[in-house]
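# Chain and residue survey
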Amino acid sequence: QVQLVESGGGLVQAGDSLRLVCATSGRTSSLYIMGWFRQAPGKGREFVAAISRTGGITDYTDSVKGRFTISRDNAKNTVHLHMNSLKPEDTAVYYCAARPGYLNIVRIPSEYNYWGQGTQVTVSS
């Protein structure tokens, strides 16, 4: 079992940057593939990015490629989402998620076993 806690959200203007942090506890996060998802009001939960256990493989949804970067520090049990050039359409609650595995990154929320409580990101135009 692993517990996830997100932080770093906030209210920013279009073009600004934010860094989200997911802190894990319980079983070491190095045993899990980690992902970030987001959910805007009235919409379903959407895949944003994911990273393999060692960090060697990453995946991004097309709308954030070139703007967002996912990284992890297994020694500190943290996963980061660096978000640059933020747009109003990035506004959502952002969730950190974990699933057992090594290289098999997936984009489907139901494939992730553990979730954080979410952190709000609001981008004004």
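First, a word on scope: everything that follows refers to the structure included in this document. (Residues numbered from 1 in each chain as written. Predicted model: local features only at pLDDT ≥ 70, side-chain atom pairs only at ≥ 80, totals over all residues. Heavy atoms only, no water.)

### Some details on the state of the cysteines
- Overall, the coordinates contain one disulfide when judged by the stated rule.
- Residue pairing for Cys22: its cysteine sulfur links by disulfide to Cys96, the two sulfurs lying 2.1 Å apart. Taking the sign of the S-S torsion, -80 degrees for the link of Cys22 and Cys96, the bridge is left-handed. Remark: Cys96 occurs in strand β9 (residues 92-100) and Cys22 occurs in strand β3 (residues 18-26); sequence separation between them is 74 residues. Here Cys22 matches Cys96 in class, with each residue buried. (Disulfide = S-S within 2.5 Å. Helix = DSSP H or I, 4+ residues; strand = E, 2+ residues; numbered from the N terminus. Buried < 20%, exposed > 50% of the residue type's maximum accessible area, 1.4 Å probe, protein only.)

### Overview of the sheet that holds strand β7 (residues 68-73)
- Sheet architecture is open: four strands sit in the order β1-β3-β8-β7, paired in antiparallel fashion. Pairing within the sheet leaves two strands with one partner each, and these edge strands are β1 (2-7) and β7. Each strand axis lies, on average, 15 degrees off the axis of its neighbour in the sheet, ignoring direction. (Pairing = 2+ DSSP bridges. Axes fitted to C-alpha atoms, helices over the stretch in contact; angles between N-to-C directions.)

### Looking at the nonpolar core
- With 27 residues, the main nonpolar core has Met34, Trp36, Leu81, Met83 and Tyr94 as its most contacted residues.
- Sorting the residues of this core by element identifies β1, β3, β4 (32-39), β5 (46-51), β7, β8 (78-83), β9 and β11 (119-124) as the ones contributing at least two each.
- Setting aside residues no more than four positions away along its own chain, Met83 makes contact with Asp16, Ser17, Leu18, Leu20, Arg67, Phe68, Tyr94 and Val121.
- Ranked by size, the runner-up nonpolar core spans seven residues in total, among them Phe47, Ala97, Ile105 and Tyr112. (Core = buried A, V, L, I, M, F, W, Y, C linked by side-chain atoms within 4.5 Å. Contact = heavy atoms within 4.5 Å.)

### Let's talk about the environment of Glu89
- Looking at the secondary structure, you find Glu89 in the loop between β8 and β9.
- Residue Glu89 is classed as exposed on the basis of its relative accessible area, which comes to 56%.

### Describing the pairing of β1
- Here β1 shows one buried face, formed by Val2, Leu4 and Glu6, and one open face, formed by Gln3, Val5 and Ser7.
- Both β1 and β3 contribute to a ladder of six bridges, which runs antiparallel. Paired with Glu6 across the two strands is Cys22, which belongs to β3.

### Quick notes on the pattern of salt bridges
- Applying the stated criterion across every chain yields a total of six salt bridges.
- Ionic pairing is found between Glu46 and Arg38, a salt bridge with its closest N-O pair at 2.8 Å.
- For Arg38, a relative accessible area of 6% puts it in the buried group.
- Residues Lys65 and Asp62 are paired through a salt bridge, measuring 3.1 Å at the closest nitrogen-oxygen approach.
- On the basis of relative accessibility, which here comes to 47%, the residue Lys65 falls in the partly exposed class. (Salt bridge = Lys/Arg side-chain N within 4 Å of Asp/Glu carboxyl O.)

### Thoughts on unusual backbone geometry
- A positive phi angle, close to 55 degrees, is found at Asn77, a residue other than glycine.
- The backbone of Ser85 shows a phi angle near 50 degrees, a positive value even though the residue is not glycine.
- When you line up the elements, Ser85 lands in the loop between β8 and β9.

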